[in-house]
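What follows is each chain in one-letter form.
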Amino acid sequence: MIEIFEKDYCTVKKLYIQNNIKKFDTEGIHVSGGRGIHVSGGEGIKILSCKIKNIGYEEWTPSYEGAISSENANPLLVVGVAGENAVTDLTIDGNEIYNCLTGYSEALTVAGDVAGFTIRNNIVHDNSNIGIVTAGHYGWTTKDWNENSVYNNLSDDIRSKNIARNGTVSGNLVYNCVTRSTNENGEVISSAGIYIDGGKDITLERNVSRNNGVGFSIGCEECKMNDPDNDVTGIIMRNNLSYNNNGAGLVFGSNKSGNNGPYAPISNCKALNNTFYKNLRTQPSGAEITLQHNSTENLIKQNIIYVDYAGAKCYQAIGNWGFSSEASFDNNLYSDIPSNNGCPRFSEHLTIEINAKIGDIVLDSGLRPLIDSPVFDSNVSPDEDLV
């Protein structure tokens, strides 16, 4: 409906964009550095205070069914094409995106060669998959890409730039973004409220993610082992609130869409001063903080981790569900439970011992976790908004 190509310092402001229904690859706002016939770049682009509604492969309905992989829609899509032109100095501020059937795509997507961006104060809600994503390492965001090309034949320079980086995601509210699609094993795919999928050097702060598939996810689906700078690193997640999500409050680590690997390394990332409150509402496995594959040298420090032992489907504080996973937990505050001598409950895959390294998990290195019941505002019901 709106396309921006090879334009610098362009502002889209206070527009109401709705009712673009098309079976395949539907777009609401598409800012592209070039892909297919869209060959361009953009510096200083701003998307401000727009409302984007009912962009989808079908009309929005609250009782939507799960999509298949060929059903995609992008209400707001920003792509920097590696090897052509980057998108730089991007601002997405104060928009509302809702009631969109996005299929396997996301409501707000920043992908490819995007260097320097701010995503702030947006409200993203009631969509059929992930709310906000910053992504990297996908073939379709590179120069001269087609379905038959070989990604590894691209130059190191192109591949090293094919990642959203040096950005801030702050002050956003994301809720009711839940997929009903299933994978080849019939398992429901998790849809994060906010997802770092191959991004680098990004700060997440003061965001609220509630009633989504999972709260936050820091990982990577497309692992190209020959990529320069293939790892996801430099992600700082601080002062965020994650609550009442169907699955985990935070998923840390790599996953591979469609098969069993390889898995990109997720390293030197930090989760600081966040609150994870009463997640795991419907998912029968997982933990408030779940470690996935190939996450190493990450720090989880000074967070509130409040498990609802009465209402959650799976009541675990920390779970390790991948291989080669490592994290340091330092000075976190866990909700009290009436068992295990007051120790927080961890995944059954782990042996719990405070102040010691157990396998690849370092628990509160030298500092005991503060095992207590965090006290929230007594005027707020657990079923009400916390913001």
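Residues numbered from 1 in each chain as written. Predicted model: local features only at pLDDT ≥ 70, side-chain atom pairs only at ≥ 80, totals over all residues. Heavy atoms only, no water.

*Asks:* Could you clarify how one ought to interpret the overall build of the protein in this entry?
*Replies:* The secondary structure content of the protein amounts to one helix and 37 strands. Taking all contacts inside the protein whose residues are at least 6 apart in sequence as the whole, residues at least 24 apart take part in 81%. Carbon and sulfur atoms provide 43% of the accessible area of the protein, an area that totals close to 15,700 Å². (Helix = DSSP H or I, 4+ residues; strand = E, 2+ residues; numbered from the N terminus. Contact = heavy atoms within 4.5 Å. Areas by Shrake-Rupley, 256 points an atom, 1.4 Å probe, with all protein chains shown as cover.)

*Asks:* Help me understand the packing of aromatic side chains in this model?
*Replies:* How two aromatic rings sit relative to each other is set out by the distance from centre to centre and by the angle between their planes. Taken as a whole, this structure holds three aromatic pairs when the rule is applied. With a centroid separation of 6.2 Å and an interplanar angle of 45°, the aromatic rings of Tyr138 and Trp140 are classed as tilted. In this structure Trp140 comes out as partly exposed when scored by relative accessible area, which is 26%. On the basis of an interplanar angle of 45° and a centroid distance of 4.9 Å, the ring pair of Tyr277 and Tyr306 is categorised as tilted. One end of the pair, Tyr277, is in strand S27 (residues 275-277); the other, Tyr306, is in strand S31 (residues 304-306), and 29 residues separate them in sequence. By relative accessible area, which is 6% here, Tyr277 ends up buried. Seen from the ring of Tyr64, Arg180 lies directly overhead, with NZ or CZ sitting 3.9 Å from the centre. Sitting over the face of the ring of Tyr175, Arg210 holds its NZ or CZ atom 4.3 Å from the ring centroid. (Phe/Tyr/Trp six-rings, centres within 6.5 Å; stacked < 30°, edge-to-face > 60°. Buried < 20%, exposed > 50% of the residue type's maximum accessible area, 1.4 Å probe, protein only. Lys NZ or Arg CZ within 6 Å of the ring centre and 35° of its normal.)

*Asks:* Just checking my understanding: could you explain the pattern of salt bridges for this structure?
*Replies:* Side chains carrying opposite charge are able to pair once their charged atoms draw close together. Summed over all chains, the structure comprises five salt bridges. Between Arg120 and Asp93 there is a salt bridge, with its nearest N and O atoms 2.7 Å apart. You can see Arg120 sitting in strand S12 (residues 114-120) and its partner Asp93 sitting in strand S9 (residues 87-93), a full 27 residues away along the chain. Residue Asp93 is classed as buried on the basis of its relative accessible area, which comes to 17%. (Salt bridge = Lys/Arg side-chain N within 4 Å of Asp/Glu carboxyl O.)

*Asks:* Teacher, can you tell me more about unusual backbone geometry here?
*Replies:* Glycine aside, a negative phi is what most residues show, and trans is what most peptide bonds show. Unusually for a residue other than glycine, Asn54 sits at a positive phi of about 55°. Within the secondary structure, Asn54 sits in strand S7 (residues 51-56). By relative accessible area, which is 6% here, Asn54 ends up buried. Although it is not a glycine, Asn166 sits at a positive phi angle of roughly 55°. Judged by its relative accessible area of 45%, Asn166 falls in the partly exposed class.

*Asks:* For this particular structure, what's the right way to read the environment of Tyr175?
*Replies:* Counting through the fold element by element, Tyr175 comes out in strand S16 (residues 173-177). Expressed as a C-alpha distance, the spacing of Tyr175 and Tyr243, which sit 68 residues apart in the sequence, is 9.9 Å. Every residue in contact with Tyr175, bar those within four places of it in the chain, is listed here: Ile123, Val124, His125, Asp126, Arg210, Asn211 and Asn212.

*Asks:* Would you mind going over the pairing of strand S8 (residues 73-80) with me for this structure?
*Replies:* The two faces of the sheet receive side chains in turn, since in a regular strand these alternate between them. The buried count for S8 comes to eight of eight residues, which makes it a mostly enclosed element. As defined by bridge partners, S8 adjoins strand S11 (residues 108-112) across five bridges and the pair is classed as parallel. Considered in S11, the bridge of Leu77 is made with Thr109. (Pairing = 2+ DSSP bridges.)

*Asks:* Can you walk me through the nonpolar core in this structure?
*Replies:* Grouped together as the largest cluster of nonpolar side chains are 54 residues, with contacts concentrated most on Leu90, Val110, Ile218, Leu250 and Phe252. Filtering out sequence-adjacent residues up to four positions away, Leu90 remains in contact with Ile45, Val78, Val110, Val114, Gly116, Phe117 and Thr118. Counting ten residues, the second-largest nonpolar core is a separate cluster that includes Ile130, Val133, Tyr138 and Tyr195. (Core = buried A, V, L, I, M, F, W, Y, C linked by side-chain atoms within 4.5 Å.)

*Asks:* I'm lost on the sheet that holds strand S25 (residues 266-267) in this one. Help?
*Replies:* Each strand in a sheet pairs with another by means of backbone hydrogen bonds, the pair being arranged parallel or else antiparallel. Strand order in the open sheet made by the three strands is S21-S25-S29, with parallel pairing throughout. Strands at the two margins of the open sheet, each flanked by one partner only, are strand S21 (232-233) and strand S29 (295-296). With two bridges joining them, S21 and S25 adopt parallel strand pairing. Note that in S25 the partner of Thr233 across the bridge is Ser267.

Geometry only, nothing functional implied.
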